[in-house]
Amino acid sequence: MTKLIEGATGVLVLADGTVFQGVGVGAVGDALGEVVFNTAMTGYQEILTDPSYMSQILAFTFPHVGNVGVNVEDVEQMGGAAETAAVGAVFRDLATDPANWRADGSFDAWLKRRGVVGLAGIDTRALTKRIRDHGAPHAVIAHDPQGGFDLEALAAKARAWTGLVGLDLAKPASTLQAFEWNEGVWDWPEGYPTLAGGKSVVVVDYGVKRNILRALASTGVKITVVPATTTAEEILARNPDGVVLSNGPGDPAATGEYAVPEIRKLIDSGKPVMGICLGHQMLALALGARTVKMEQGHHGANHPVKDLTTGKVEIVSMNHGFTVDRDSLPEAVQETHVSLFDGTNCGIALKDRPVFSVQHHPEASPGPTDSLYLFERFRAYMGD
């Protein structure tokens, strides 16, 4: 077992006993999760509050994280608890004092308030290469100002964790009761506008991001968000013009045990249905396909995806550790998008119904706006 370096106040201990040592930041204590890396160069606050990262420790490949501080407007999760987003964060450099006119606090203090354990000062390139070559490891991230770490016990804790496979995280990430949403995307300099909607859309919340709701609202629809366990009968009783299956964390097959039968009923209703990320995976399951765990997953704001229906290549934002097995897609399903990094499936559509989904996050928070047209495509399915 690696010996502790004098002065180390933070560690990341992998299940195989590998130890990364540095400076502890954020909350004091330890957190258990799967370590993944994210290649985005901006949007760290949105990334760390994305519910899709629940039960994961996030390593940033960009070295300068936290330098522009934080604010109350860039939080993506609907709830505020750290356990419904990333539980740990790893950086190359310590954050400097906030340097942005929108900042209302420091990054370190924000991590402390949220209960997120952080680690700075390690070789994030070496960690990223390890994940690239060997897959996303189970690990414990720990912060102790006195440096009192039992490395063997932390490694044992990481080894004992069963991981994300078979884990339903949508229920704890979801809202507990239905609510209305009418806030649109940021409009300089006023901020987020309040919009009047026309067509009605029900969003099934498996861990939805605020900017997905904002992008959807900006197409001119009235939104009702409902819990992950809401039945198809309850959704259809609201007589929506369309249904969105949101992003979220965990294993789609586990969440699908209760969600997939309801999704099948929504498809059979003839209503337009759009799936995003976890919603995409569970829509595929409902149509007869399979999902599988990826070695590293896709996490970043610079992923090239080809829209096979238009021939265009988009740069998109992604965050997922499971993927739809393209070879399992039934005849009635058309593959619409593919990753140009590894050829994995990134979108599907039914050939005979207004039903489609994408693996990436078209709201682009953070990221480019190449895929915002997908919300307009969904809106067009609902007619005038």
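Provided above is the structure to which this section pertains.
First, a word on scope: everything that follows refers to the structure included in this document.

Cut-off values and rules
Residues numbered from 1 in each chain as written. Predicted model: local features only at pLDDT ≥ 70, side-chain atom pairs only at ≥ 80, totals over all residues. Heavy atoms only, no water. Helix = DSSP H or I, 4+ residues; strand = E, 2+ residues; numbered from the N terminus. Buried < 20%, exposed > 50% of the residue type's maximum accessible area, 1.4 Å probe, protein only. Areas by Shrake-Rupley, 256 points an atom, 1.4 Å probe, with all protein chains shown as cover. Core = buried A, V, L, I, M, F, W, Y, C linked by side-chain atoms within 4.5 Å. Contact = heavy atoms within 4.5 Å. Axes fitted to C-alpha atoms, helices over the stretch in contact; angles between N-to-C directions. Parallel < 35°, antiparallel > 145°, perpendicular 65-115°, else oblique. Left-handed = near helix turned anticlockwise from the far one by under 90°. Nonpolar A, V, L, I, M, F, W, Y, C, P; charged D, E, K, R; others polar. Salt bridge = Lys/Arg side-chain N within 4 Å of Asp/Glu carboxyl O.

Secondary structure summary: the protein contains ten helices and 17 strands in total. Over its C-alpha atoms, taken along the principal directions, the protein stretches across nearly 65 × 45 × 40 Å. A buried classification covers 59% of the 384 residues belonging to the protein. In the structure as shown, the protein presents an accessible area of about 15,300 Å², 51% of it carried by carbon and sulfur atoms.

One finds Y206, L245, I263, I267 and L283 to be the most contacted residues of the largest nonpolar core, which totals 31 residues. Of all elements in the fold, only β9 (199-205), α7 (232-237), β11 (242-245), α8 (252-268), α9 (278-286) and β16 (345-350) reach the threshold of two or more residues within this core. In this view, I263 contacts Y206, L245, M282, L283 and A286; residues no more than four positions away in its chain are not counted. If you look at the next biggest cluster of nonpolar residues, it comprises 23 residues, including A217, M274, A349 and M382.

The next point concerns the packing of α8 against α9. Following both chains from N to C, one finds α8 and α9 inclined at 70°, their axes separated by 8 Å at the closest point. Taken together, the axes of α8 and α9 lie roughly perpendicular to each other. For the element pair α8 and α9, the recorded crossing hand is right-handed. Two secondary-structure elements touch here, α8 through P252, A253, T255, G256, A259, V260, I263, R264 and I267 and α9 through L278, Q281, M282, L283, L285 and A286. Considered class by class, the residues forming the contact of α8 with α9 number eleven nonpolar, three polar and one charged.

Cis rather than trans, the peptide bond between S365 and P366 has omega equal to 0°. Secondary-structure assignment places P366 in the loop between β17 (355-358) and α10 (373-381). Positive phi is not limited to glycine here, since C277 has a value of about 60°. In the Ramachandran plot, A364 falls in the positive-phi region, its phi being about 55° despite a non-glycine side chain. For A364, the position within the fold is in the loop between β17 and α10.

This part takes up the pattern of salt bridges. In this structure the tally under the stated criterion is 18 salt bridges. Across the pair E233 and K265 runs a salt bridge, and its minimum N-O distance is 3.3 Å. Of this pair, E233 sits in helix α7 while K265 sits in helix α8, and the two are 32 residues apart along the sequence. Looking at E233, the relative accessible area reads 47%, which means it is partly exposed.

So, to be careful, I would describe these as geometric facts and stop short of saying anything about function.
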